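# Examining the three-dimensional arrangement
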Amino acid sequence: MSSCSSDQSQSGPACSSSSSPLTPAQQQAAAAGAEQDWAAAKAFYDNLVSTKRPRPPKPQNAITVAVSSRALFDMVKDRKIYEEEGVETYVKYQEENENLPLKPGPAFYFVKALEQVNARLRELYPKDEELFDIVLMTNNHAQVGVRLINSINHYGLLIERFCMTGGESPIGYLTAYLTNLYLSADSEKVQEAIEAGIASATMFTANKDIPYCDKQLRVAFDGDAVLFSDESEQIVKEHGLDRFYEHEQMNENKPLAQGPLKGFLEDLGKLQKKFYAKDERLDCPIRTYLVTARSAASSGARVLKTLRSWGLEIDEALFLAGAPKGPILVKIRPHIFFDDQMFHIEGAQQLGTVAAHVPYGIGQKYHKSTPKDDTVKK
């Protein structure tokens, strides 16, 4: 006998059962059933000879990026209606305006750049499914879905998988959707996801418009507490820079532990190598940047040796020795910049960079991100 209940903390149906776990044979049968389901879906798409839309990649092979509706689109006005007038008025407003496309939000051009990479990969590897897969992950009600779908189609985005949870937090579904990266405008949901071990960041809209490269995905990462653990940052905060420099030099040949975004850099690296294998290194549509406040001479070697020990490449490494990151980011023009420190996020914002706050490590004791997302809670 089993019982099911709605678990707010897990944000989705939670089931508990007194029955014994599946035997190996039962597990094998379940896996075979999943393969059959996928084969049927593939056959369905393959038979749609009249459509030019590419078939979504198999989730097990894809690099899944989940974005909330307010990260993908500008829904500031919509959110205000929800907060001031309630759910029913909000849903009615969305239904009345479902043919009016939403404007781009902070993650919009990042998603467009991911799809540009997919287009290039499909040209070089027509049958390969190691592609980006974008999932709209929102706690909007299903009635709002029509406007979201219409907006996605208006911009020609290839987003086929949705998760609309009708007021419940969608965080519990991230693992089920095999999420590699989650982007939201809600700092609390992002914190939940980080604690669940999923690479996540809170999106912030740039304060001014700058042109983005439409032929190359550009992703900029901070180092400590983003790609790497906050081990070294703890020493800075608790013992000062001199002790930090000494610690880094003593441990130069000891790799840093991984941080929350290391896996996403690894995903980008895997795709870059697919272009290199086709002699496309000089025309690769992915470029990565390390933008760190570290000094090169006193603490940079450990960072570079850590990346080398992981077998990862970074295209450009910029050691700023405490200088502001904003002006450097203006030169790079990344589609997204990940950092754990809010003052770096704010500096990037002011000069036109879309920044994503990673709420991880000791730095969160000093600065916290504040926006709340997605539309509609119970």
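Residues numbered from 1 in each chain as written. Predicted model: local features only at pLDDT ≥ 70, side-chain atom pairs only at ≥ 80, totals over all residues. Heavy atoms only, no water.

With an unreviewed UniProt entry as reference, the protein is termed Cytosolic 5'-nucleotidase 1B, source organism Chelydra serpentina.

## Observations concerning the overall build of the protein
Of regular secondary structure, the protein possesses 13 helices and 14 strands. Split into buried and exposed, the 378 residues of the protein put 49% on the buried side. Expressed as a percentage of contacts within the protein between residues at least 6 apart in sequence, the contacts between residues at least 24 apart total 76%. For the protein, the exposed surface amounts to about 18300 Å²; the carbon and sulfur share of it is 51%. (Helix = DSSP H or I, 4+ residues; strand = E, 2+ residues; numbered from the N terminus. Buried < 20%, exposed > 50% of the residue type's maximum accessible area, 1.4 Å probe, protein only. Contact = heavy atoms within 4.5 Å. Areas by Shrake-Rupley, 256 points an atom, 1.4 Å probe, with all protein chains shown as cover.)

## Considering the nonpolar core
Ranked by internal contacts, the top residues of the largest apolar core, which has 77 residues, are Leu183, Phe264 and Phe338. If you tally residues by element for this core, the top one is helix H5 (residues 108–124), at seven residues. When residues no more than four places from it in sequence are discounted, the contact partners of phenylalanine 264 are Ile63, Val65, Phe110, Phe132, Leu181, Val219 and Phe221. Counting 12 residues, the second largest nonpolar core, distinct from the first, contains Ala220, Leu320, Met342 and Ala348. (Core = buried A, V, L, I, M, F, W, Y, C linked by side-chain atoms within 4.5 Å.)

## Structural notes on the confidence of the model for the protein
Per-residue confidence for the protein averages 87 on the pLDDT scale, and 84% of its residues sit at or above 70. Predicted confidence is poor over residues 1–19, with pLDDT under 50, and the contacts of this stretch with residues over four places away or in other chains come to 25 contacts. Contacts for the low-pLDDT stretch residues 371–378, under 50 throughout, to residues beyond four places or in other chains number 53 contacts. (pLDDT = per-residue confidence, 0-100.)

## Brief notes about the pairing of strand E13 (residues 336–339)
What you see with E13 is no split at all: Ile336 and Phe338 on one side and Phe337 and Asp339 on the other are buried throughout. Inspection of the sheet shows strand E10 (residues 217–221) paired to E13 by three bridges, in the parallel sense. If you follow alanine 220 over to E13, its bridge partner there is phenylalanine 337. The pairing of E13 with strand E14 (residues 355–357) spans three bridges and is parallel. (Pairing = 2+ DSSP bridges.)

## Thoughts on helix H3 (residues 76–85)
Along H3, the positions that sit buried rather than exposed are Asp78, Arg79, Ile81 and Tyr82. An end-on view of H3 places all buried positions within 155 degrees of arc, on one side of the element. Turned more than 90 degrees away from the buried face of H3, the exposed residues are Val76, Lys77, Glu83 and Glu84. As for H3, its buried residues are in contact with helix H2 (69–72), strand E4 (73–74), helix H4 (87–96) and helix H6 (145–154). Phi turns positive one or two residues past the end of H3, at glycine 86, with a value near 95 degrees. (Arc of directions from axis to C-beta.)

## Re the environment of glycine 311
With respect to the secondary-structure elements, glycine 311 resides in the loop between helix H11 (296–310) and strand E12 (316–319). For the pair formed by glycine 311 and glutamate 266, sequence separation is 45 residues and the distance between their alpha carbons is 8.8 Å.

## With respect to the side chain of arginine 218
Along the chain, the position of arginine 218 falls in strand E10. An unpaired buried charge is present at arginine 218: no salt bridge exists, and glutamate 316, the closest side chain of opposite charge, is 7.6 Å distant. Separated by 3.1 Å, the side chain of arginine 218 and the backbone oxygen of isoleucine 332 make a polar contact. Residues in contact with arginine 218, not counting those within four places in the same chain, are Cys213, Arg287, Tyr289, Ile332, Arg333, Pro334, His335 and Ile336. (Lys, Arg positive; Asp, Glu negative; His and termini not counted. Salt bridge = Lys/Arg side-chain N within 4 Å of Asp/Glu carboxyl O. Polar contact = N/O pair within 3.5 Å; in protein donor to acceptor, adjacent residues only side chain to side chain.)

## Let's talk about the sheet that holds E12
Reading across from one edge, E7-E6-E3-E8-E9-E14-E13-E10-E11-E12 is the order of the 10 strands in this open sheet, with mixed pairing throughout. Only two strands of the sheet have a single neighbouring strand rather than two, namely strand E7 (161–164) and E12. Strand-to-strand twist in this sheet, taken as the mean axis angle between neighbours without regard to direction, amounts to 25 degrees. Two strands pair when backbone bridges link them, and strand E11 (residues 286–292) and E12 are joined in this way by four bridges, in the parallel orientation. Looking at E12, one finds that leucine 290 is bridged to alanine 317. Where H6 meets the sheet, its contacts fall on strand E6 (132–138) and E7, and the angle it forms with E7 comes to roughly 150 degrees. The sheet strands contacting helix H7 (residues 187–195) are strand E8 (179–184), strand E9 (200–204) and E14, and the helix crosses E9 at an angle near 160 degrees. (Axes fitted to C-alpha atoms, helices over the stretch in contact; angles between N-to-C directions.)

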